[in-house]
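Chains, contacts and geometry: an overview
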Amino acid sequence: MATKASRSAARVMMAPAVVLLLGWMLVPLIMTLWFSFRTYLPLRGGDQGWTGFDNYVRFVTSSSFWPAISTTLVLLIGVLAITIICGVLLAILLDQPMWGQGAVRILVIAPFFVMPTVSALVWKNMFMDPTNGLLAHLWRFFGADSVSWLSDVPMLSLIMIVSWQWLPFATLILLTAIQSLDGEQMEAAEMDGASVLSRFFYIALPHLSRAITIVILIQTIFLLAIFAEIFVTTGGAFGTRTLSYLIFQRVLESQNIGLGSAGGVYAIILANIVAIFLMRIVGKNLD
Amino acid sequence: MGQITLENVTKSFGETQVIPPLDLDIQDGEFTVFVGPSGCGKSTLLRLIAGLEDITSGTIRIDGTDATDIPPAKRGLAMVFQSYALYPHMSVRKNIAFPMRMAGIDAAEQERRIEQAAAALNLTDYLDRRPGQLSGGQRQRVAIGRAIVREPAAFLFDEPLSNLDAALRVGMRLEISELHKRLATTMIYVTHDQVEAMTMADKIVVLRAGHIEQVGSPLELYRNPRNTFVAGFIGSPKMNLIEGEEAARNDAHTLGIRPEHIDVSATEGAWHGKVGVAEHLGSDTFFHVHETGLAETITVRAPGEVNFRHGDTIYMTPRSEQLHRFGADGLRIG
Ligand SMILES: Nc1ncnc2c1ncn2[C@@H]1O[C@H](COP(=O)(O)OP(=O)(O)O)[C@@H](O)[C@H]1O
Ligand SMILES: [Mg+2]
């Protein structure tokens, strides 16, 4: 990539991809921005012209806005915490030599291949159903009253479902990171008098920080847009309405595209704030 | 104090026995070098002493107390690894402080020992850098610094210089020897390089396939190798080992003569052959001689000014008092 010729050749060859990607991202973004400044009610008169910042003001002042933001953040932080803590532990466990290692690893990764809609339905009907669910049977076996998971502890249930889906991803990334940890470093720490816990906190965890950063960033992007899991379980009831779900309701249930688009712009801003914030925190580890 | 005794120590990985029963005594303050070809079990032996591997049977004593079941951290030994094994996310200062931090030594004392070690190892200017920002030689010094501050009963080195370039290796060799003289602490040093062994050791332990072939000072091993393996391993270039008629005439199965104990001439001598490759070192020249009827190649050392060309006939006379005679079992005779 050093010579002038190879650089311009590279530019020519990358151009189609860049143009395609730009179009892919820019067209929807510009359309969202465009609609967010218009009154657009498909079933009640269609596109009725400019409204300035009305949509933005209405979206924020609506009583559902702040609860939706906090729901989004609770879901995000809950899932991140569970997937990273359990992911680190699982990765350490899977790194130990054991019988049937290959099969166990595939089993651990399997949930990632199940479509979100399907896994949410499986959880809802097979595990969390208050009368027929496995969890209900388990509770009753121990003499407890079965829990109506999705209405009594809706956020917890949702966090469990989403964590179950994302744990394999976190585990996989963290496992590859753990496998690259130099065995002699651990032995050196052992000789230096570090206990198992100290070795974990002083050697293994710092070694994993880069992988943890990657897991956080990638998961954040996807978790902010979680939709199917809410749609098929609670339908946004019981305080599980996240920002993306609220936008969906504004556009499709209220048939107000302008208002939904304004919400979409807020979602973009929120995603960027969260991303910058997270990169700041973990960026210190990325030297 | 750092007196280490191995009694009947064995080590097996699964079915394969890497260390057959082995006894060894290392005196306090001694610089002991384990030397042997790759895969002969040097590292394994060192790791058994360190406690990083459990011994299969036998006893390890450190300063007279049975240390067989004592965990590595409690044995009072410090180890320097081949890969240095520095903690990459910690500064040099934190790396060196780590063992003291784990031992709960108070901050002022930590600081004092770090300053002292850094001064001794020329690391004072690098204390706030990360290991990734240091050269190989500096990383090596940090690893040694981390070992020193623990004030261990003995230092264990596993091929610490093998990742360094030749010039640096010679320098670090001197520094480690210097350190040993200053601290007078027991050091066990593993290497496959017999030059390192010869130049650094008080006592060399020659290993082959987990067996101790010979233990002795560098000059003892050089003068009186116990068998053909040690004879061929110690000394550079290697001792010439001659079998057949010439050996039989000397009542031996194998006759050994070092290149530096053969006199050369262009006109007369006991043996003769054709000069192959000549290696000119300036001070000395090594000739590889073929077609001698004794062995495939005979290596001889001549003063730097002696010159033979490729294909010339060369006459060689071994100094009879420097001949080593070995029996059919490989053991030294007389
Ligand atoms: N953890 C292990 N499992 C099985 N075999 C091993 C293990 N460590 C070393 N060995 C074997 O033991 C022998 C000696 O190894 P090592 O002590 O590393 O040799 P050296 O350091 O002298 O090169 C080798 O044949 C090696 O394959
Ligand atoms: Mg080794």
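The shown structure was predicted, so the numbers you read here are calculated from the model rather than taken from an experiment. (Residues numbered from 1 in each chain as written. Chains lettered and ligands numbered in written order. Predicted model: local features only at pLDDT ≥ 70, side-chain atom pairs only at ≥ 80, totals over all residues. Heavy atoms only, no water.)

Describing the overall build of chain A
On a plain count of helices and strands, chain A comes out with 13 helices and two strands. Seen through its principal axes, chain A has C-alpha atoms that stretch 75 × 75 × 30 Å. By the burial criterion, 40% of the 287 residues in chain A qualify as buried. Only carbon and sulfur atoms are counted for the fraction: they give 74% of the accessible area of chain A, which is about 15,900 Å². In chain A, which carries 15 positive and 14 negative side-chain charges, the distance between the mean positions of the two groups comes to 15 Å. (Helix = DSSP H or I, 4+ residues; strand = E, 2+ residues; numbered from the N terminus. Buried < 20%, exposed > 50% of the residue type's maximum accessible area, 1.4 Å probe, protein only. Areas by Shrake-Rupley, 256 points an atom, 1.4 Å probe, with all protein chains shown as cover. Lys, Arg positive; Asp, Glu negative; His and termini not counted. Charge placed at Lys NZ, Arg CZ, Asp CG, Glu CD.)

As for the site of ligand 1
Residue and element names in this part refer to chain B. Lining the immediate environment of ligand 1, one finds Phe 13, Val 18, Ser 38, Gly 39, Cys 40, Gly 41, Lys 42, Ser 43 and Thr 44. At a separation of 2.6 Å, an oxygen atom of ligand 1 approaches a polar backbone atom of Gly 39. One of the side-chain nitrogen or oxygen atoms of Ser 43 is found 2.5 Å away from an oxygen atom of ligand 1. The protein chains hide 55% of the 560 Å² of surface that ligand 1 would expose on its own. Counting residues per element, the shell around ligand 1 draws most heavily on helix H1 (residues 42–50), at three residues. (Near = heavy atom within 4 Å. Polar contact = N/O pair within 3.5 Å; in protein donor to acceptor, adjacent residues only side chain to side chain.)

Looking at the UniProt feature "domain: ABC transmembrane type-1" (unreviewed entry) in chain A
When the UniProt feature table is mapped to this numbering, "domain: ABC transmembrane type-1" (unreviewed entry) covers residues 69–278 of chain A. Structurally, residues 69–278 of chain A is divided into 77% helix and 0% strand, and its ends, taken at the C-alpha atoms, are 17 Å apart. (UniProt positions renumbered as here; feature names shortened; annotations may be inferred.)

Describing the domain arrangement of chain B
All names here are of chain B. One can read the domain layout of chain B as domain 1 (4–230) and domain 2 (244–326). Each of domain 1 and domain 2 was reduced to a C-alpha centroid, and the two centroids are 38 Å apart. At the junction of the two partners, domain 1 supplies seven residues and domain 2 supplies six residues. Among the residues of domain 1 in contact with domain 2, Tyr 222, Pro 225 and Thr 228 are the three that bury the most area, contributing 82% of the side total. In this structure, the connection of domain 1 to domain 2 is made through two residue pairs in polar contact (both at pLDDT 80 or more). Counting residues per element, the side of domain 1 that touches domain 2 draws most heavily on helix H7 (residues 218–223), which supplies three residues. When grouped by side-chain class, the residues that make up the side of domain 1 that touches domain 2 number three nonpolar, two polar and two charged. (Domains from an automatic or database assignment. Contact = heavy atoms within 4.5 Å. Buried area = accessible area lost by both parts, 1.4 Å probe. Nonpolar A, V, L, I, M, F, W, Y, C, P; charged D, E, K, R; others polar.)

A word on the sheet that holds strand E16 (residues 298–303) of chain B
Residues and elements named next belong to chain B. Reading across from one edge, E13-E17-E14-E15-E16 is the order of the five strands in this open sheet, with antiparallel pairing throughout. This sheet does not close on itself; its edge strands, each paired only once, are strand E13 (262–265) and E16. Strand-to-strand twist of the sheet, defined as the mean angle between neighbouring strand axes without regard to direction, takes the value 45°. By the bridge criterion, five bridges tie strand E14 (residues 271–280) to strand E15 (residues 284–290) in an arrangement that is antiparallel. Residue pairing in the sheet places Glu 279 in a bridge with Phe 286 of E15. (Pairing = 2+ DSSP bridges. Axes fitted to C-alpha atoms, helices over the stretch in contact; angles between N-to-C directions.)

What about the interface of chain B and chain A?
Of the residues lining the interface, 23 residues belong to chain B; the matching set on chain A comes to 16 residues. For the pair chain B and chain A, the summed buried area comes to about 1,700 Å², and 59% of that belongs to carbon and sulfur atoms. On the chain B side of the contact with chain A, Tyr 87, His 89 and Met 102 of chain B bury the most area, a combined 27% of that side's loss. For the interface between chain B and chain A, the tally reads three salt bridges. Joining chain B to chain A, the criterion identifies eight residue pairs in polar contact (both at pLDDT 80 or more). Looking at the side of chain B that touches chain A, the elements with two or more residues in it are H1, strand E6 (77–80) and helix H2 (92–103) of chain B. The biggest single contributor to the side of chain B that touches chain A is H2 of chain B, with four residues. Grouping the amino acids of the side of chain B that touches chain A by side-chain chemistry returns 15 nonpolar, three polar and five charged. (Salt bridge = Lys/Arg side-chain N within 4 Å of Asp/Glu carboxyl O.)

Description of the packing of helix H3 (residues 65–95) of chain A against helix H4 (residues 101–109) of chain A
Residue and element names in this part refer to chain A. Axis separation between H3 and H4 bottoms out at 10 Å; the angle between their running directions is 160°. When the axes of H3 and H4 are compared, the pair comes out roughly antiparallel. In the packing of H3 onto H4, the handedness of the crossing is left-handed. Of H4, the residues touching H3 (which contributes Leu 90, Leu 94 and Asp 95) are Gln 101, Val 104, Arg 105 and Val 108. Considering only residue class, the contact of H3 with H4 consists of four nonpolar, one polar and two charged. (Parallel < 35°, antiparallel > 145°, perpendicular 65-115°, else oblique. Left-handed = near helix turned anticlockwise from the far one by under 90°.)

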